[in-house]
Amino acid sequence: MVSALSSGALASDQLIHVVGRGETIYSLSRLYGVTADELMRANNITDPSTLQAGRRLVIPSSNDTALPIHSTPSVSGSAQTLVDYRVVRGDTLFSIARTNGITLQNLLDINRFSSNHVLRAGDVIKVPGRGTAAANPPAGNVSGANTSGIRAPGDIYNLRWPVVPKDITYMTGQMGVVVEGIQFESVLSLTQGSVVSAGPWRKFGRVVIIETTGGYYYMYGGCETISVNVGDRITPGMELGKLGVNSVSEKPQLFFMVFRNETPMDPALAPRAGNNLRS
């Protein structure tokens, strides 16, 4: 059984991940957008083969990391409009792919790059343009927690959400939503599961990630405070924290994303315990 972190650990500027069965240094480095070397150094690991399930890992902060996710895969068979992008200092292939809402492999394929391609500032590469076909709803930019998104359809408001929705918008480049609520209201879990990450995360305030059966991960970001620890068992409706105010929009906003097998999905379609509709 995974031992829970103390509440004091959540106050530090760290994101903690509990290693699951089958996870490796490589898979976790891809999941969180950091290098394997960075992950190993942060946790004093010299031999990646010694990683065991149940170990608590500190996820290092990086200028290239925004969320512990993969980008949405491109639509098979859809037409892509490609445009030129000039690489700036600090860019990585992973960060460029995520910003454009595609996978790293898709970006490599578009540019006919090998997996070990070295990117340099000033390089001009191809990225999807505005005309790219997409399976996901259009959305607003969340860089720097900017939430100027495309408002969600009215029927979505009839679903249960972690907070009572005053407004819902979709985010650009990520298959997630921003749910405006009331400051300090309880952020409630939509499912049962286990806390695999909890703590501050760049641009998204305090974040809680819940793992559920079926390979689903539910991310609740923008919390002012967190009420749970890594390793805690969660039941539907359990409080995960209190809603905070986004420093950019100056509104109480929850960043809510759902992944299945590391691929983001529309949170409106994600399973919810019991009836999906608000009672």
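First, a word on what this report is: a plain description of the structure on this page.

Parameters at a glance
Residues numbered from 1 in each chain as written. Predicted model: local features only at pLDDT ≥ 70, side-chain atom pairs only at ≥ 80, totals over all residues. Heavy atoms only, no water. Salt bridge = Lys/Arg side-chain N within 4 Å of Asp/Glu carboxyl O. Helix = DSSP H or I, 4+ residues; strand = E, 2+ residues; numbered from the N terminus. Core = buried A, V, L, I, M, F, W, Y, C linked by side-chain atoms within 4.5 Å. Buried < 20%, exposed > 50% of the residue type's maximum accessible area, 1.4 Å probe, protein only. Contact = heavy atoms within 4.5 Å. Polar contact = N/O pair within 3.5 Å; in protein donor to acceptor, adjacent residues only side chain to side chain.

### What to know about the pattern of salt bridges
So, point 1. In the structure shown here, the tally under the stated rule is two salt bridges.
So, point 2. Here Asp 84 ties to Lys 126 by a salt bridge, and the two come within 2.7 Å at their closest N and O atoms. In this pair, Asp 84 sits in strand β3 (residues 82–86) while Lys 126 sits in strand β4 (residues 124–128), placing the two residues 42 residues apart along the sequence.
So, point 3. Lys 242 is the partner of Glu 239 in a salt bridge, and the nearest nitrogen-oxygen pair spans 3.0 Å.

### Concerning the nonpolar core
So, point 1. Judged by nonpolar contacts, the single largest core of 33 residues is most densely connected at Trp 161, Ile 210, Tyr 218, Tyr 220, Leu 254 and Phe 256.
So, point 2. For this core, the elements supplying multiple residues, two or more each, are β1 (15–18), β6 (167–170), β7 (176–180), β9 (193–200), β10 (206–212), β11 (216–226), β13 (239–243) and β14 (253–260).
So, point 3. Looking at which element gives the most residues to this core, the answer is β11, with five residues.
So, point 4. If we skip the residues at most four places from it in the chain, Tyr 218 touches Thr 191, Val 208, Ile 209, Ile 210, Thr 212, Phe 256, Met 257, Val 258, Ala 270 and Pro 271.

### A look at the side chain of Thr 212
So, point 1. Among the secondary structure elements, Thr 212 is positioned in strand β10.
So, point 2. Ignoring sequence-local partners within four residues, the contact set of Thr 212 consists of Thr 191, Gln 192, Gly 193 and Tyr 218.

### A closer look at the side chain of Ser 194
So, point 1. Residue placement: Ser 194 occurs in strand β9.
So, point 2. You can call Ser 194 buried: its relative accessible area is 19%.
So, point 3. Among the polar contacts listed, one links the side chain of Ser 194 to the side chain of Arg 233, at a separation of 2.6 Å.

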